[in-house]
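These are the residues of each chain, in order.
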Amino acid sequence: MSPIVKLTDVHKYFGTYKVLEGVTFEVPRGGVAAIIGQSGSGKSTALRCINALEAIQGGTIDVCGHAIQDPELNRRALRCDVGMVFQSYNLFPHLTVEQNIMLAPTCVKLMRKPQARDLAHQVLAQVGLAEKAEHYPEQLSGGQQQRVAIARSLAMKPKLMLFDEVTSALDPQLTGEVLKVMEELARGGMTMILVTHEMAFARKVASQVIYMHKGTVWETGSGTMLDSPRTAELRSFVNNGL
Amino acid sequence: MSYRFDFLALLPYWREFLWGVLLTLQISATATVSGFIIGTICAIARADGSPFIKRLVATYVEVIRNTPLLVQVFIAYFGIATLGVHVSANVAASIALTVNVGAYTCEIVRAGLQSIHRSQMEAAECLALSRTQIYWHVVIRPAIERVYPSLTSQYVLLMLASSITSQISAAELTAAANRIQSVTFRSFETYIAVGFIYLVLSFVVRAAFALFGQTVFTRRRKLGTAL
Ligand SMILES: Nc1ncnc2c1ncn2[C@@H]1O[C@H](COP(=O)(O)OP(=O)(O)O)[C@@H](O)[C@H]1O
Ligand SMILES: [Mg+2]
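All of the points below concern the structure found in this document. Note that this is a predicted model, so its numbers are computed, not measured.

**Description of the packing of helix α7 (residues 173-184) of chain B against helix α8 (residues 187-216) of chain B**
Residues and elements named next belong to chain B.
Alright, step 1. Contact geometry for α7 and α8: axes closest at 9 Å, N-to-C directions at 160°. Considering the angle they form, α7 stands roughly antiparallel to α8. Here the hand of the crossing between α7 and α8 comes out right-handed. Contact with α7, carried on its side by L173, T174, A177, N178, I180, Q181 and T184, involves S187, T190, Y191, V194, I197, Y198 and L201 of α8 and no other residues of that element.
Alright, step 2. Considered class by class, the residues forming the contact of α7 with α8 number eight nonpolar, six polar and no charged.

Written as structure tokens, this is what we have:
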């Protein structure tokens, strides 16, 4: 099957500082790729490049048929196909949960308010927060806010979801409820790329684990790769329980 | 100290006081609304415009903030007359106050815009919103909500400062007082009365802003947080 995301020899600099040095990997439709690696190894940058939030200086990225390196790239069309969830939730604080979710469908897809509201309730039910529609973000726990952020992305019916350390700001219990939502998404066939420190989750849910080190894909394989690392770097990374 | 207060002497002039109040409110309401629009546009231009636009706005703001309001009022009044356009003192006063408060609004709203974290815009970008939509839904509204208390103070101050336009004989409250004291010779009483009226007006304007804020910024109302 043709991949939904394909990175080929991607190079990325911040000024003269090289962050990505020839990153290559692909994720098939319905695949779940977990990117792991030390802090500073370029995981977030790779994810941001996939969503054209950063420009790349070399190589190619193809996302659902959009060529990210193309100067003529239609960013808004790309973002209709790609959902992204951040560590800091980034909900809009002045809007209710429901309004947060309805904003993009009404603005971008010109959906009528009643339909958008139905959609909001539908995706909220999917993340187990149907009763919080009228609440404001600040009235929710971190885990609930993150689930709303996921629901907000889902409302745009993306073909691909990107998650950047979405549980890193949460305590273990709240982490669990967010991971559960993500696991259900994966089981439902959503193509996902997630940067994570949750090794157990990567092992269990990911169809593909990508270990990044010094701006390159150092080692890649299935979840079992974490049990028998080939490289010394991955071995020490796994053993340090990072 | 044998001064005998005689506030009753002012009573026959209640109509003129009332007219003064209405004109003060009219001039300051006009300047508030148009100054708010100009100031907000300037703030966006200064945050996101071309270098030339940015410099233009910065110059406007600095010139206004570093010259006396009275001088600005005179320049507007005589300047407009020199252009051959006939406008009443009231209109000239409204224009001068608009230009003045627009500059202050620009600075306040700019601070609000800067307080919106980049990650908010990025999240909106990731939801495929256009630049205009991002500005409108995610930046401007919460930015103004955040600086709303400062804006309120600024517009109350504007209402009080509008008394300066009595100098070009705009027919507002202070001008009315000037006339009344010159015919009653009860200057002290007149200005005490006028001071009291301004005090009441300030409270009324503040209350109106609070009410308006509660209506527009629904989150504040629902969560019961003060503006
Ligand atoms: N906007 C930026 N400007 C300059 N350097 C950056 C920027 N973003 C990230 N970096 C640097 O790039 C490197 C990789 O960052 P990042 O992709 O965030 O790593 P990770 O997510 O794996 O922790 C880090 O050294 C970081 O300091
Ligand atoms: Mg990161």
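**With respect to helix α6 (residues 172-187) of chain A**
Three or four residues apart is the spacing at which side chains of an α-helix point the same way, because the helix has 3.6 residues per turn.
All names here are of chain A.
Alright, step 1. Taking 1.5 Å of rise per residue, 16 residues should cover 22 Å, and α6 covers 22 Å from first to last C-alpha, within 8% of that figure.
Alright, step 2. Buried within α6 are the following residues: L174, T175, V178, L179, V181, M182, E183, L185 and A186.
Alright, step 3. On its buried side, α6 packs onto β3 (32-36), α4 (113-126), α5 (142-154), β7 (160-164), β8 (191-195) and α7 (199-205).
Alright, step 4. Directly beyond the C-terminal end of α6, a positive phi value near 100° is found at G189.

**Digging into the interface of chain A and chain B**
The accessible area lost on association of the parts is a frequent measure of interface size.
Alright, step 1. Contacts between chain A and chain B engage 27 residues on the former and 21 residues on the latter.
Alright, step 2. The three residues of chain A that bury the most area against chain B are F92, H94 and Y136 of chain A, which together make up 28% of that side's buried surface.
Alright, step 3. Between the two partners, chain A and chain B, sit two salt bridges.
Alright, step 4. A salt bridge links E125 of chain B to R79 of chain A; the nearest nitrogen and oxygen atoms lie 3.4 Å apart.
Alright, step 5. Linking chain A to chain B there are nine residue pairs in polar contact (both at pLDDT 80 or more).
Alright, step 6. Secondary structure elements with two or more residues in the side of chain A that touches chain B: α2 (75-81), β6 (82-85), α3 (97-108) and α5 of chain A.
Alright, step 7. A total of four residues in the side of chain A that touches chain B trace back to one element, the largest contributor, which is α3 of chain A.

Parameters at a glance
Residues numbered from 1 in each chain as written. Chains lettered and ligands numbered in written order. Predicted model: local features only at pLDDT ≥ 70, side-chain atom pairs only at ≥ 80, totals over all residues. Heavy atoms only, no water. Axes fitted to C-alpha atoms, helices over the stretch in contact; angles between N-to-C directions. Helix = DSSP H or I, 4+ residues; strand = E, 2+ residues; numbered from the N terminus. Parallel < 35°, antiparallel > 145°, perpendicular 65-115°, else oblique. Left-handed = near helix turned anticlockwise from the far one by under 90°. Contact = heavy atoms within 4.5 Å. Nonpolar A, V, L, I, M, F, W, Y, C, P; charged D, E, K, R; others polar. Expected span 1.5 Å × (residues − 1). Buried < 20%, exposed > 50% of the residue type's maximum accessible area, 1.4 Å probe, protein only. Buried area = accessible area lost by both parts, 1.4 Å probe. Salt bridge = Lys/Arg side-chain N within 4 Å of Asp/Glu carboxyl O. Polar contact = N/O pair within 3.5 Å; in protein donor to acceptor, adjacent residues only side chain to side chain.

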